[in-house]
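Spelled out from the first residue to the last, the chains are:
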Amino acid sequence: MTSYMDKTASRSENTNNSECLPCYSALEKEKKLVTISQLSKEFIENSGKIIDYQKITNDARLLSEAKYIGFNLFEENGEDFTTVAMSGLPKHIQIASELMGFNLIGKKWSRDEERIKKIRDQNITYFDSLGDLSGAVIFPGVIKTLERVFKIGQVVVVKIMKDGKQLGDFTMIMEQGVEFIYPDILEIYASMVGLYIEKRKSEGQYQKLFQEMLDGFALYEIIYDELDRPSDYRYLGINPAFEKMMSIPTAGIIGKTLLEIQTDIEEIIIDSFNKVALSGESQFSEVYVTCLNKHFEVSIYQPRQHKVAAMFRDVTDRRKKEAEFIYLSYHDYLTGLYNRRYFDEAMERLNTSENMPLIIMLGDVNGLKQINDVFGYLEGDRLIKKAADVLKMACSSDHIVARIGGDEFGIIMTRTDAVRAQTVLDEIKHLESLARFKVSNLYMSFGYGVSQDDQDMSQKIFTRAENAMYRVKIYERSSSRSQSIHIIMNTLFEKSEREMMHSKRVGEIAARIALTMKYDDDFVNQIKTAGFLHDIGKIGIAEEILNKAGRLENSEWEEIGKHPEKGWRILGHSEEYFELADIILHHHEWWDGSGYPHKIGGLAIPVQARIIAVADAFDAMTEPRTYKQTMSKTEAVVELKKCAGTQFDPDVVTAFEKCVSLVLV
């Protein structure tokens, strides 16, 4: 069982799929709406007559194209209902009645909790079979026989409502393999029937129906010129819905003409009025009324000689939603640029001889993953939007600019040579250098492919552009990522001056230890840099934690404890600093294997990490803290020796003790 909203959502999601739910053409819709207009006219004209339930049911079957349809009306108690009419082959209806043991037409049904529950929450409910709707009310064996004999497929229930109250329903039974595709048409018709039935229960039903229609309604008298041609239309009556739609009070419109009231009326409306007046044939059109900024579906017909009637339905909200859906299907939600779907279609569409030379340019944002890992996805999104802004400014209005992947962009240029393409690239680089971003500079790598011949497949041009981009990216990657490391450190130091001073001291102390241990200059320079970067993973920690004057809470220590792994991830993205990543990861491991994050010990810990651990601990013990007493440098050396063999490598502590006099200077 599915609702009308489920069906329409499914249809929207498969708009471009040839195997989506069936739909109908604008011409078919126009015909159906014209029929509804004519039926509306009949309801009005038959105001004083007995309600013809059979005709209402026949008309519903005509509109829905169902195989059979039943018209059920609820009793005043709102629980029991009666099948007042059936439409379909009379012989089939007779056979079905015989199989069930009672006449279908006139059958009174007692309250059915299951049926009420199934159709309670929606005006239109779809069932895969008759059995799904009827449940235990009709013997299952009989249901199976009916479905087999009459080849019954989908069953659809359309409620007949008035003021939130269910008056009845149309139960439509479709041919096997045929789906119901006119929900909007039947909903309009059911609404009309609900109004008609409810208002016929008392006197003066014509006027109430006219007044309470949801659609705008206006009745006009045709004004003819001296050649007996329709020239204008005088308002004879309007309903409140029309008054509200057009923002014109009744007193200011009755007796005046269409052209007097709406001096800038759309030509298509006047043309439709004239066609109805001349031929008597109903007309349906959709118009946009500029002065009201609204879209209307307009159905015009001739209820009697020398008169024209028009029904107006405000479809502005629907059109806005459709336009929004179309926009979103071809645009990137984050940047407002075209998306990959549009870009691919444009590549094929523009690959023609008149557009040669054709250039496809591809590029991506360097370091986006690093920004996401270090600063979070919100900062990554800001970087993407900044890149999109640069591309919009660098490209002209006839270029197609699209975001075709997470960090990837594409540009299509028609009738453009390589010289012009390079000019655009130069402008991108210039604007890129001016772009200001909080946590990183903007670096993009671009390449392009050129086609002089429309026989060149667009995918080949794309591949050329992609290969060119990757060549540029390899060349630029190292410098951009290294620059990102410096930006991250500067951002950390802006958060905490204490961290900046601590990092510099640890780098210096670690370098002195390495010199004492007789390591070469390359090693010493490497460990000095590693010492300087050892806390880079703290970039994601809140400023208030880094600068907290008092003792840290357990949860805050847990956050601090994640920084070695975060630092490893940051440096692992940089070719220049890649070798330092493992050093940073393990600088809080203990010699006895009880440290973090991986609890490795002894020689399994990189020697550089063991050296930094001693330098880091010495500086932490001797650096002033408001929540603990600062040790003297001599006391700190004693503490290091005490922890040698458990927390620290004994050889590193010994080397540190030898050079301590240099440190203390």
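Shown above is the structure to which this text applies.
Here the structure is a predicted model, which means the values were calculated and not measured.

K.L.:
Run through the packing of aromatic side chains, naming residues and quoting values.
P.N.:
For the structure shown, the criterion picks out 21 aromatic pairs. Ring geometry for Tyr126 and Phe180: centres 6.3 Å apart, planes at 45°, overall tilted. Of the two residues, Tyr126 is situated in strand β5 (residues 124-127) and Phe180 in the loop between β7 (165-175) and α8 (183-199); the sequence distance between them amounts to 54 residues. Measuring from centroid to centroid gives 5.3 Å for Phe242 and Phe312, while their planes differ by 65°, and the two rings are edge-to-face.

K.L.:
Please give an account of helix α3 (residues 53-64) that cites residues and values.
P.N.:
For α3, with 12 residues, the first-to-last C-alpha span of 16 Å sits near the 16 Å given by 1.5 Å per residue. Within the span of α3, buried status applies to Ile56, Thr57, Asp59, Ala60, Leu63 and Ser64. Each buried residue of α3 sits inside an arc of 160° when the element is viewed along its axis, so together they form one side. Contact partners of the buried residues in α3: α2 (26-45), β2 (68-74), β3 (81-87), β7 and α8. Sitting at the amino-terminal end of α3 is Asp52, which places a side-chain oxygen 3.3 Å from the backbone nitrogen of Gln54. Following α3 by one or two positions, Glu65 adopts a phi angle in the positive range, close to 60°.

K.L.:
Any details on the sheet that holds strand β15 (residues 408-414)? Residues and values, ideally.
P.N.:
An order of β14-β15-β13-β16 is seen for the 4 strands of this open sheet, with the pairing classed as antiparallel. Strand pairing shows two members of the sheet lacking a second neighbour, β14 (400-403) and β16 (444-451), which therefore form its edges. Ignoring which end each strand starts from, the neighbouring axes of this sheet average 15° apart. Contacts from helix α17 (residues 418-434) reach β13 (358-365), β15 and β16, with the element oriented near 170° to β16.

K.L.:
Just give me the short version of the sheet that holds strand β9 (residues 230-238), but keep the residues and values in it.
P.N.:
Reading across from one edge, β9-β8-β12-β11-β10 is the order of the 5 strands in this open sheet, with antiparallel pairing throughout. The sheet is open, and its two edges are formed by β9 and β10 (283-289), each paired on a single side. Between one strand axis and the next, the sheet turns by 30° as a mean value, whatever way the strands run. For strand β8 (residues 216-224) and β9, the ladder comprises 7 bridges, and the chain directions are antiparallel. Looking at β9, one finds that Leu219 is bridged to Gly237. Strands in contact with α2 are β10, β11 (294-301) and β12 (307-314); relative to β11, the strand with the most contacts, it is inclined by about 60°. The sheet strands contacting helix α12 (residues 267-279) are β8, β9, β10, β11 and β12, and the helix crosses β10 at an angle near 160°.

Here is what the cut-offs are and how they apply
Residues numbered from 1 in each chain as written. Predicted model: local features only at pLDDT ≥ 70, side-chain atom pairs only at ≥ 80, totals over all residues. Heavy atoms only, no water. Phe/Tyr/Trp six-rings, centres within 6.5 Å; stacked < 30°, edge-to-face > 60°. Helix = DSSP H or I, 4+ residues; strand = E, 2+ residues; numbered from the N terminus. Expected span 1.5 Å × (residues − 1). Buried < 20%, exposed > 50% of the residue type's maximum accessible area, 1.4 Å probe, protein only. Arc of directions from axis to C-beta. Contact = heavy atoms within 4.5 Å. Polar contact = N/O pair within 3.5 Å; in protein donor to acceptor, adjacent residues only side chain to side chain. Pairing = 2+ DSSP bridges. Axes fitted to C-alpha atoms, helices over the stretch in contact; angles between N-to-C directions.

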